[in-house]
Amino acid sequence: MSASKTIKSALISVFHKDGLTPIVKKLDELGVTIYSTGGTETFIKNLGINVVPVEDVTSYPSILGGRVKTLHPKIFGGILNRQNHDGDIAEMQEYNIPQIDLVIVDLYPFEKTVASGASEQDIVEKIDIGGISLIRAAAKNFKDTFIVSSMEQYDEFLSIISENNGETTIEQRKKFAAKSFNISSHYDTAIFNYFNEEEVVYKASEQTSKVLRYGENPHQKGYFFGDLDAMFDKLHGKELSYNNLLDVDAAVNLIEEFKGEQPTFAILKHNNACGFAQRKTVKEAYVDALAGDPVSAFGGILITNTTIDAETALEIHKLFCEVVIATSYSEEAIEILKGKKNRIILIQKEVELPKQLVRTSLNGLLVQDKDFITDSLEDLVYPTNTKPTENELEDLLFASKVCKNTKSNTIVLVKDKQLLASGTGQTSRVDALNQAIEKAKKFGFDLNGAVMASDAFFPFPDCVEIADKAGITSVIQPGGSIKDQLTIDYCNDHNVSMVMTGTRHFKH
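Each chain carries its own residue numbering, running from 1 in the direction its sequence is written. Totals for whole chains, interfaces and linings use every residue, but because this is a predicted model, local features are given only for residues with pLDDT of at least 70 and side-chain atom pairs only at 80 or more, for both listing and counting. Just so you know, side-chain values use all the structure's heavy atoms and leave hydrogens and water out.

## Let's talk about the overall build of the protein
At step 1: What counts as a helix is a DSSP run of H or I of at least four residues, what counts as a strand is a run of E of at least two, and both are numbered from the N terminus. What the protein contains, in helices and strands, is 19 helices and 24 strands.
At step 2: Against the 2.2 N^0.38 benchmark of 23 Å for 508 residues, the protein shows a C-alpha radius of gyration of 31 Å, more extended than a compact globule.
At step 3: The principal-axis extents of the C-alpha atoms in the protein amount to approximately 100 × 50 × 40 Å.
At step 4: Burial here depends on accessible area, computed with a 1.4 Å probe over protein chains only, as a share of the maximum for the residue type. Under 20% is buried, over 50% is exposed, and the range in between is partly exposed. A burial count over the protein gives 47% of its 508 residues as buried.
At step 5: The contact criterion used throughout is that any non-hydrogen atoms of two residues lie within 4.5 Å. For the protein, the share of sequence-separated contacts (at least 6 apart) that also reach a separation of at least 24 residues comes to 56%.
At step 6: We get accessible surface area from the Shrake-Rupley algorithm with a probe of 1.4 Å; when it comes to residues, only the shown protein chains can shield them. Carbon and sulfur atoms form 50% of the exposed surface of the protein, whose accessible area is close to 25,500 Å². What the globule rule says is 2.2 Å times the number of residues to the power 0.38, and the radius of gyration is computed from C-alpha atoms.

As structure tokens, then:
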């Protein structure tokens, strides 16, 4: 503890008044001179506490509809002067500038105004000028000035001045200065992102964070930046880990493809679906999803697009799984699933997800738009003589959605809206197909009449030949290879139907 200073004067000008009363009363009790303006001045007067109007200091009224109130040398001089600098001390006396030891100020709610759908005029009026200038000035001069820049800091600040009779240390002032620069930089980032339409610049700021137990491995630190409470209601279980969050992200994006459809259930492991099915009931969907790979499902992430009932919960409870996600649960289902103390039970809320994907690369970042294209019936081109049946078309589009959300290179095999197997993250498409066929056979699936989806085109006809010999009767792929005709010719010669979407879905 060093370089202590006692607060003798304060400037208070805030948009949000909640929680301010105890601080104002404490400052008054300590004999601090309080300067204020506008609504805050009125608020303090209504508490029966003496307050000096800023206008009495500057000899200027609030002008331009309140746009200019505190922007004046006598205010900023009082905040920015160096109290151990002879020249500053002389000028303070020459120009009759009052010392300001404490600044309590917050910012107009710019982000909330944008989120509300307000007009551009209303949004622009919520760009704070005086407030952010006061924050930066006081934070810069932390050696002499204390800055409180958010109502979230009120309790901590009140404790400091209450326990030390208005005395603060340089460590405390520097800590609050750092908080203030965080707030000001976040504010400016939000404003820039609102205005920017042409500059190819990446600016992001996330104020909400969570320290995770560790990263991908126990020797790595891990953090999550974002508001999980806005995304989920957590009903039970331990905290989500770094790896849980990666899998949950993959699960949410996959099930989003099936929003509003019949009950659909997915089981994921290492960001890929190892089980997936759509049925008339959620229980049937879960049972058939689990059948796709009951071995990999151990320790997996479970997600559905509908309500989990007691019958389904009883089936789930037989499996060791890390996380269960649903739109809702019956009361009985919740009690059943709570039977495992560490099992994480989440209700997924309606939240708009980011429109861009960001990842580190070398000494920088890679940023891209999310893959928002979901292959539909209208996208399909039919280049083969044999056309897919109505059931095959449904399975092809079903398989394409799963394929889009599986690590490349991938091949997905589906029959009757059930994932039979997939080859994931392989260095060749042939390897991915062979992996999928072998896995499907291992779990006793009959591939006759199944369909195949590929995330990218076939450069040679080898994959459709292997698939045909395994019993697969229909294929969906982007097309676009200079040798597409070889694949089409094979299909025509062997009565295999194939459709092309024109859209590649790599996922790395």
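## A word on a negative patch on the surface
At step 1: Like-charged residues within 9 Å of one another, or nonpolar side chains (Val, Leu, Ile, Met, Phe, Trp, Tyr) within 5 Å, are grouped into patches, provided each residue has over 30% relative accessible area and no salt bridge. Salt bridge, as used here, is a side-chain nitrogen of Lys or Arg placed within 4 Å of a carboxyl oxygen of Asp or Glu. Only four residue types enter the charge count, namely Lys and Arg as positive and Asp and Glu as negative; His and the chain termini do not. Here the site of a charge means NZ on Lys, CZ on Arg, CG on Asp, or CD on Glu. Residues Glu 120, Glu 197, Glu 198 and Glu 199 make up a contiguous surface patch of negative charge.
At step 2: Position of Glu 120 relative to the elements: it lies in helix 7 (residues 120-125).
At step 3: On the basis of relative accessibility, which here comes to 56%, the residue Glu 120 falls in the exposed class.

## Notes on the pairing of strand 12 (residues 272-278)
At step 1: With seven of seven residues buried, strand 12 is to be regarded as a mostly interior element.
At step 2: Relative to strand 12, strand 11 (residues 264-269) runs antiparallel, the two being bridged by six bridges. By the bridge assignment for strand 12, Phe 265 is matched with Ala 277. Pairing between two strands requires that DSSP report at least two bridges joining them.

## Some remarks on the sheet that holds strand 4 (residues 52-53)
To summarise the sheet geometry, strands pair through backbone hydrogen bonds and adopt either a parallel or an antiparallel arrangement.
At step 1: The strand order 4-3-2-5-6 describes an open sheet built from five strands, whose pairing is parallel. Two strands bound the open sheet, and with one partner strand each, they are strand 4 and strand 6 (146-148).
At step 2: Along the sheet face, helix 2 (residues 38-46) touches strand 2 (9-13), strand 3 (33-36) and strand 4 and points at about 140 degrees away from the line of strand 3.
At step 3: An axis is simply a line fitted to the C-alpha atoms; with a helix, the fit covers only the stretch in contact. Between two such axes, the angle follows the N-to-C directions and lies from 0 to 180 degrees. Against the sheet, helix 8 (residues 130-140) makes contact with strand 2, strand 5 (102-105) and strand 6, and its axis sits at roughly 145 degrees relative to strand 5, the strand it touches most.

## Remarks on the packing of helix 17 (residues 429-442) against helix 18 (residues 462-470)
Any two packed helices are characterised by how steeply their axes cross, that is the angle between the axes, and by the distance between the axes.
At step 1: The contact between helix 17 and helix 18 brings their axes to 9 Å, and the two run at 10 degrees. By the angle class used here, helix 17 and helix 18 are roughly parallel. Note that helix 17 runs across helix 18; the crossing there is right-handed. Facing Arg 429, Val 430, Leu 433, Asn 434 and Ile 437 of helix 17, the residues of helix 18 in contact are Asp 462, Cys 463, Ile 466, Ala 467 and Ala 470.
At step 2: Residues belonging to the contact of helix 17 with helix 18 are distributed by class as follows: seven nonpolar, one polar and two charged. Note on terminology: angles under 35 degrees are roughly parallel, angles over 145 are roughly antiparallel, angles of 65 to 115 are roughly perpendicular, and the others are oblique. Two helices cross in a left-handed way if the nearer one is turned anticlockwise from the farther one by less than a right angle. They cross in a right-handed way if the turn is clockwise. Polarity classes work like this: nonpolar for Ala, Val, Leu, Ile, Met, Phe, Trp, Tyr, Cys and Pro, charged for Asp, Glu, Lys and Arg, and polar for all others, with Gly in that last group.

## Some words on helix 18
At step 1: Those residues of helix 18 not exposed but buried are Cys 463, Val 464, Ala 467 and Ala 470. Relative to the axis of helix 18, the buried residues are bounded by an arc of 125 degrees and lie together on one face. Think of the arc as the fan of directions from the helix axis to the C-beta atoms.

## Structural notes on the pattern of salt bridges
At step 1: All told, the structure shown has 21 salt bridges when counted by the stated rule.
At step 2: Notably, a salt bridge pairs Lys 210 with Glu 239, separated by 3.5 Å at the nearest N-O pair. Linking Lys 210 in strand 8 (residues 209-211) with Glu 239 in the loop between strand 10 (232-236) and helix 12 (242-256), this pair joins segments that are 29 residues apart in sequence.
At step 3: Judged by relative accessible area, which is 32%, Lys 210 ranks as partly exposed.
At step 4: Between Asp 288 and Arg 279 there is a salt bridge, and its shortest N-O distance comes to 2.6 Å.
At step 5: The class for Asp 288 is partly exposed, based on a relative accessible area of 21%.
At step 6: If you follow the salt bridges from partner to partner, you end up with Glu 156, Lys 175 and Lys 179 in one network.

## Re the pairing of strand 20 (residues 411-414)
At step 1: What you see with strand 20 is no split at all: Ile 411 and Leu 413 on one side and Val 412 and Val 414 on the other are buried throughout.
At step 2: As paired elements, strand 20 and strand 21 (residues 419-423) share four bridges and run antiparallel to each other. Pairing of Val 414 across the sheet is with Leu 419, part of strand 21.
At step 3: Here strand 20 pairs with strand 22 (residues 451-454) via four bridges, running antiparallel. Among the inter-strand pairings, Val 412 is bridged to a residue of strand 22, identified as Ala 453.

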